[in-house]
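What the coordinates show
What follows is the residue order along each chain.
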Amino acid sequence: MPNVTLYVESGAMPSDESLEALTDQCVELCTSTLQAALENVHIIYVSVRKGRGHPVFAEILFREEPFRPPAVMGHFMQQVSDAVMDTIGLTARIRCFSFSKQHIHALN
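These notes cover the structure that comes with them. (Residues numbered from 1 in each chain as written. Predicted model: local features only at pLDDT ≥ 70, side-chain atom pairs only at ≥ 80, totals over all residues. Heavy atoms only, no water.)

**Structural notes on the packing of aromatic side chains**
We describe a pair of aromatic rings using the distance from one ring centre to the other and the angle between the two ring planes. So the rule is basically this: Any pair of Phe, Tyr and Trp rings, taking the six-membered ring for Trp, is counted once the centres come within 6.5 Å. Such a pair is stacked with planes under 30 degrees apart, edge-to-face with planes over 60 apart, and tilted for the rest. To qualify as a helix, a DSSP run of H or I must reach at least 4 residues; to qualify as a strand, a run of E must reach at least 2; elements of each kind are numbered from the N terminus. Classification of residues uses two cut-offs on accessible area relative to the type maximum, computed with a 1.4 Å probe and protein chains only: under 20% is buried, over 50% is exposed, and between them is partly exposed.
In this structure the tally under the stated criterion is one aromatic pair. For the pair Y7 and F57, a centre-to-centre distance of 6.1 Å together with 40 degrees between the ring planes defines the contact as tilted. One end of the pair, Y7, is in strand β1 (residues 3-9); the other, F57, is in strand β3 (residues 56-63), and 50 residues separate them in sequence. In this structure F57 comes out as partly exposed when scored by relative accessible area, which is 28%.

**Digging into the pattern of salt bridges**
Rules: Note on definitions: salt bridges are taken to be side-chain nitrogens of Lys or Arg within 4 Å of carboxyl oxygens of Asp or Glu.
According to the stated counting rule, one finds two salt bridges in the structure shown. In this structure, K50 and E9 form a salt bridge, with 3.8 Å as the shortest nitrogen-oxygen distance. Linking K50 in the loop between β2 (42-48) and β3 with E9 in strand β1, this pair joins segments that are 41 residues apart in sequence. Taking relative accessible area as the criterion, K50 reaches 39% and is therefore assigned partly exposed. You can call E9 partly exposed: its relative accessible area is 25%. We note a salt bridge from E65 to R63, for which the minimum N-O separation is 3.4 Å. Look at R63 and you get partly exposed, because its relative accessible area is 25%.

**A look at a negative patch on the surface**
Spelled out, the test is: Here the term patch refers to residues with relative accessible area over 30% and no salt bridge, with like charges joined within 9 Å and nonpolar side chains (Val, Leu, Ile, Met, Phe, Trp, Tyr) within 5 Å. Note on areas: Shrake-Rupley with a 1.4 Å probe; residue coverage comes only from the protein chains shown. In this count, Lys and Arg are taken as positive residues and Asp and Glu as negative ones, while His and the chain termini are left out. Every charge is mapped to an atom, namely NZ of Lys, CZ of Arg, CG of Asp or CD of Glu.
A cluster of acidic residues, D16, E17, E20 and D24, forms a negative patch on the protein surface. If you trace the backbone, E20 turns up in helix α1 (residues 16-32). Classification of E20 by relative accessible area gives exposed; the value is 54%.

Okay, here's the thing in C-alpha cells:
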C-alpha cells in the first residue's frame, strides 16, 4: 500500500501521455515521501460523471507507519495536488485514509 485512485470527470480525462506523466510523479511521491515499496504502489484512474465538485477526486489509502505522521501526509497531499495541476491542469480534491497493519488483509 498506498493505493492512489484518481476519479476524473469523463469530459476532462487527459491524454494517455499526461496520465503516464502523472503516474510517474505519483509513484515517485509514494516511494519517496511515503517511503512505500515500489511493488506496493498502485495508481488507478477512473472516469466518472461528475455531479458536483472538483474535476478530480483523489482517494489515497495507506498503511499507518510511524514515519507517516500528519505533517508528512500534509506535505504529501500538497505534492499530489501540485502534480495533478502540473501534469493535467486540473484541481483535485484529495482525501487520505490510513489503516493500521492489523486491519489490512490482502491477496496478491
